[in-house]
Amino acid sequence: MAAIPYSSLPLQFLFFLLLSGSFLQTRTLSTDQTVKTFIFRIDSQSKPSIFPTHYHWYSSEFASPVQILHTYDTVFHGFSATLSPDQAASLSRHPSVLAVIEDQRRQLHTTRSPQFLGLRNQQGLWSESDYGSDVIIGVFDTGIWPERRSFSDLNIGSIPSKWKGVCQVGVKFTAKNCNKKIIGARFFSKGHEAAGGSAGPIGGGINETVEFMSPRDADGHGTHTASTAAGRHAFRASMEGYAAGVAKGVAPKARLAVYKVCWKNAGCFDSDILAAFDAAVNDGVDVISISIGGGDGISSPYYLDPIAIGSYGAASRGVFVSSSAGNDGPNGMSVTNLAPWIVTVGAGTIDRNFPAEVRLGDGRRLSGVSLYAGAPLSEKMYPLIYPGKSGVLSASLCMENSLDPNLVRGKIVICDRGSSPRVAKGLVVKKAGGVGMILANGISNGEGLVGDAHLLPACALGSDEGDAVKAYISSTANPTATIDFKGTILGIKPAPVVASFSARGPNALNPEILKPDLIAPGVNILAAWTEAVGPTGLDSDLRKTEFNILSGTSMACPHVSGAAALLKSAHPDWSPAAIRSAMMTTASIVDNSNQPMTDEATGNASTPYDFGAGHVNLDRAMDPGLAKAREFELPFDCRIVLDTIQGSFKQEFYQNRDQCWSAKCCVYSESCVSGERSDSDCETIKIGLHRGC
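Residues numbered from 1 in each chain as written. Predicted model: local features only at pLDDT ≥ 70, side-chain atom pairs only at ≥ 80, totals over all residues. Heavy atoms only, no water.

Draft legend 1. Here's a closer look at the overall build of the protein. Scanning the protein from N- to C-terminus turns up 21 helices and 28 strands. A total of 693 residues make up the protein; the buried ones form 59% of that total. Counting only carbon and sulfur atoms, one obtains 52% of the accessible surface of the protein, whose full area is about 26,200 Å². (Helix = DSSP H or I, 4+ residues; strand = E, 2+ residues; numbered from the N terminus. Buried < 20%, exposed > 50% of the residue type's maximum accessible area, 1.4 Å probe, protein only. Areas by Shrake-Rupley, 256 points an atom, 1.4 Å probe, with all protein chains shown as cover.)

Draft legend 2. Molecular detail of the packing of helix α8 (residues 270-283) against helix α9 (residues 306-315). One can describe the packing of α8 onto α9 by two numbers: an axis separation of 9 Å at closest approach and a directional angle of 5 degrees. With respect to their mutual orientation, α8 and α9 come out roughly parallel. Residue-level inspection shows Asp270, Ile273, Leu274, Phe277 and Val281 of α8 in contact with α9, the latter providing Pro306, Ile307, Gly310, Ser311 and Ala314. A per-class count over the contact of α8 with α9 returns seven nonpolar, two polar and one charged. (Axes fitted to C-alpha atoms, helices over the stretch in contact; angles between N-to-C directions. Parallel < 35°, antiparallel > 145°, perpendicular 65-115°, else oblique. Contact = heavy atoms within 4.5 Å. Nonpolar A, V, L, I, M, F, W, Y, C, P; charged D, E, K, R; others polar.)

Draft legend 3. Broad picture of the packing of aromatic side chains. Taken as a whole and assessed by the stated rule, the structure comprises 16 aromatic pairs. Through successive ring pairs, a cluster of aromatic residues spans Phe40, Trp57, Tyr58, Phe62 and Phe79. Between the NZ or CZ atom of arginine 216 and the centre of the ring of tryptophan 145, over which it lies, the distance is 4.5 Å. (Phe/Tyr/Trp six-rings, centres within 6.5 Å; stacked < 30°, edge-to-face > 60°. Lys NZ or Arg CZ within 6 Å of the ring centre and 35° of its normal.)

Draft legend 4. Highlighting α8. Counted at 1.5 Å a residue, the expected span for α8 with its 14 residues is 20 Å, and the 20 Å between its end C-alpha atoms agrees. Counting buried positions along α8 gives 13 out of 14 residues, so the element sits mostly inside the fold. Directly beyond the C-terminal end of α8, a positive phi value near 105 degrees is found at glycine 284. (Expected span 1.5 Å × (residues − 1).)

Draft legend 5. A look at the sheet that holds strand β7 (residues 182-187). With parallel pairing, the seven strands of this open sheet are ordered in space as β7-β10-β6-β13-β15-β16-β26. Only two strands of the sheet have a single neighbouring strand rather than two, namely β7 and β26 (518-521). Looking at each pair of strands side by side, their axes are set apart by 25 degrees on average, direction ignored. Bridge count between strand β16 (residues 343-348) and β26: four bridges; the pairing is parallel. The residue bridging glycine 348 from the neighbouring strand is proline 521, located in β26. Packing against the sheet, helix α15 (residues 576-585) makes contact with β15 (320-324), β16 and β26, and its axis sits at approximately 50 degrees to β15. (Pairing = 2+ DSSP bridges.)

Draft legend 6. Examining the environment of glycine 374 more closely. Following the sequence through the fold, glycine 374 ends up in the loop between β19 (365-369) and β20 (382-385). Spatially, the C-alpha atoms of glycine 374 and leucine 455 are 7.7 Å apart, while their sequence positions differ by 81 residues.

Draft legend 7. A look at the pattern of salt bridges. If you walk through the whole model with that rule in mind, you get 21 salt bridges. When the shortest N-O distance is used, the salt bridge between arginine 106 and aspartate 305 registers 2.8 Å. Judged on exposure class, the residue arginine 106 and its partner aspartate 305 are both buried. Lysine 431 is the salt-bridge partner of glutamate 400, the closest N and O atoms lying 3.8 Å from each other. Placement of glutamate 400 in the loop between α10 (393-396) and α11 (405-408) and of lysine 431 in helix α12 (residues 422-431) is noted, with a sequence separation of 31 residues between them. For lysine 431, a relative accessible area of 58% translates into the label exposed. Each of Arg106, Asp270 and Asp305 takes part in one network of salt bridges that share partners. (Salt bridge = Lys/Arg side-chain N within 4 Å of Asp/Glu carboxyl O.)

Draft legend 8. Molecular detail of the state of the cysteines. Throughout the structure, instances matching the rule amount to three disulfides. Across the disulfide from cysteine 398 sits cysteine 415; the S-S distance is 2.0 Å. One quick way to see it: the torsion about the S-S bond of cysteine 398 and cysteine 415 is about -85 degrees, and its sign makes the bridge left-handed. Note that cysteine 398 is positioned in the loop between α10 and α11 and cysteine 415 in strand β21 (residues 412-416), a separation of 17 residues in sequence. With respect to class, cysteine 398 is no different from cysteine 415; both count as buried. (Disulfide = S-S within 2.5 Å.)

Draft legend 9. Layout of the sheet that holds strand β11 (residues 262-263). Strand order in the open sheet formed by four strands is β11-β12-β5-β14, with antiparallel pairing between adjacent strands. Single-partner strands in this sheet number two, and they are β11 and β14 (292-293). Relative to strand β12 (residues 267-269), β11 runs antiparallel, the two sharing two bridges. Residue pairing for β12: cysteine 262 is matched across the bridge by cysteine 268. Contacts from α8 reach β5 (105-108), β12 and β14 within the one sheet, and its direction differs from that of β12 by about 70 degrees.

Draft legend 10. Inspection of the nonpolar core at higher detail. Among the nonpolar cores identified, the biggest contains 56 residues, and Ile137, Val560 and Met583 are the most heavily contacted of them. Of the residues forming this core, the biggest block, seven residues, is contributed by helix α14 (residues 553-570). Those residues in contact with valine 560 that sit more than four places away from it in its chain are Phe320, Ser322, Val343, Val345, Leu518, Ala520, Met583 and Val616. Core analysis: the next-biggest nonpolar cluster, separate from the first, contains 43 residues, Ile101, Ala275, Phe277 and Ile309 among them. (Core = buried A, V, L, I, M, F, W, Y, C linked by side-chain atoms within 4.5 Å.)

Draft legend 11. Fine view of unusual backbone geometry. Lysine 493 connects to proline 494 through a cis peptide bond whose omega is -5 degrees. Relative to the assigned elements, proline 494 resides in the loop between β25 (489-490) and β26. A cis amide bond links lysine 515 to the next residue, proline 516, at an omega of 0 degrees. Within the fold, proline 516 resides in the loop between β25 and β26. Unlike most non-glycine residues, serine 419 shows phi in positive territory, near 75 degrees.

Draft legend 12. Up close: helix α13 (residues 463-475). Compared with an ideal rise of 1.5 Å per residue, which puts 13 residues at 18 Å, α13 spans 18 Å between its outermost C-alpha atoms and is within 8% of the ideal. Listed as buried for α13 are Ser463, Gly466, Val469, Lys470, Tyr472 and Ile473.

Draft legend 13. Up close: the side chain of lysine 264. Relative to the helices and strands, lysine 264 resides in the loop between β11 and β12. Buried charge without a partner: lysine 264 forms no salt bridge, and the closest opposite charge is aspartate 539, 4.6 Å away. Excluding residues within four positions of it along the chain, lysine 264 makes contact with Val210, Glu211, Ala218, Asp219, Val533, Gly537 and Asp539. (Lys, Arg positive; Asp, Glu negative; His and termini not counted.)

Draft legend 14. Fine view of the packing of helix α7 (residues 221-230) against α14. One way to put it is that α7 packs onto α14 with a least axis distance of 7 Å and a crossing angle of 35 degrees. Of the two possible hands of crossing, α7 and α14 adopt the one that is right-handed. Seen from α7, the contacting residues are His221, His224, Thr225, Thr228 and Ala229; seen from α14, they are Ser554, Met555, Pro558, His559 and Gly562. Along the lines of polarity and charge, the residues of the contact of α7 with α14 split into three nonpolar, seven polar and no charged. (Left-handed = near helix turned anticlockwise from the far one by under 90°.)

Draft legend 15. Quick peek at the pairing of β5. The pairing of β5 with β12 spans two bridges and is antiparallel. Considered in β12, the bridge of arginine 106 is made with cysteine 268. The sheet contact formed by β5 and β14 spans two bridges and is antiparallel. Paired with glutamine 107 across the two strands is glycine 293, which belongs to β14.

Below, the structure is given as structure tokens:
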């Protein structure tokens, strides 16, 4: 934010600033508590007229300028600052403070899929929307690798006039890295930097030896999600021969605005995410795609959830927000990003697979998956060992330094899934001298499988097949096995199947609101990749690939973001609620065998707690017949709106939970709608509200 010259400020303000600064300095020195970052929601109408801007008010009355990280003035009003817990508690009693939220670290929820959504060249929604032309998708993630073919601006028209954003330069990222496809890029690091200087439990900032202090992507996740949503057609695409063909995003002509809020090995901080929401809405995006969540199994109330708060402000200004449901399935009540104004996306399979086969010494063949692309085992049989037979948990999981090279050298090793990355287990086996790995699911993962670009011959097996291999070892004096790799297979049935990892309902905060909203392709998705790391993301993986294949609800979310861009382009007058309604009311609950969708984890029929309204079907969503244009309905609106917008109302509000919520809430919202109240939060409350309880 540009500084205002002191000579232009009123004399009274300068006098007040001196007094306030002395008070703040004394207060800071009086405590030795660990400094943390806190987000403050402020009643913007309380600003004394003596202050020319909210920033001057915040930096004078609440925190010193060096303590303030971000100021927020679009999706909500407030600021984030580094303070001790005592200081934050003291400020929370200020009459203008509506809510105080401690900054938290969040995690990322980590081709053929457009056709599987019902999209066809020169037909249907792609044709009607001109492939999403001129719709702007804001991607909140790890940045972008702009040189990839997926981000070419060849034959794309001029940048939409509504765009007000910037191309923020930084390490290895110049203004030339933006174009008519990547029309803007920003990075947000102040929350991370503050955490890095903290001795608290979430300390540890950005490692600039592996990161770029710029919008450039050092992780790969952001490049993958951005190209999934809006990548251009890229011919002869594949990941080391797998999934060969033409790679393309859901909305190939949509524009991309990149907001780097997540950093390699460091996660994503709420204070930076909120700043990105503020910037994106001001910049003029139409869609926000955010594949980020808590992942800790705890759902915060909406008024304490920065993603819920930021997305509410965005939705109230006509921006569609889609988010990932999380990867903690198949456990019930594991879904995250629960706010009803967010479209929460789970993951399903597509009709493509990468099969591999484990052949045992007794002749049995067990089916699995793999993306291994190195030298094959050439059908040679190798000794087979299960380190977990010793009873040592770390050995069964193939954790770092857990394997005895004298026992595993020259053998195929069985590793149990869990506790460490799947590809990292293969590296442990390789370092110990193993020639191959069988990755066995436990009962919690069931039969759900995802492919990985392993560094040694490896195959993932479901829980039943994994148990069969272990039983074979226990019953055989000299067990042997080999692994055969089958490449890419299309036309798989049944599909879609709800992915075993996809987070499930019911909604932990409001069970009456269905979450996830729907599912989209999220298993073994081919999309663009960074040049900074290999396909496994491991430091020791020196391979380079233009495309990579990943799985997760992170991959499902941008499919819906791209779908929203297509629908917005085809129907410019549709609200975010209408777009969501069109997708949900036309979603499919049957697979390509015309049978009810099944659950990958159990093989049984899936339920709305698994898939929400169903699997996205864009062939039907373009003309749904009926679309619900309102975002909310009373009386439920009252509860959610006040919970989110006015955190200070939560006590009164919950006391009336079983009384139609009407007394306070409807009077408040009604007065906003009628114009009797003029405060800025009324502008947010207006969305979807109407007269009468």
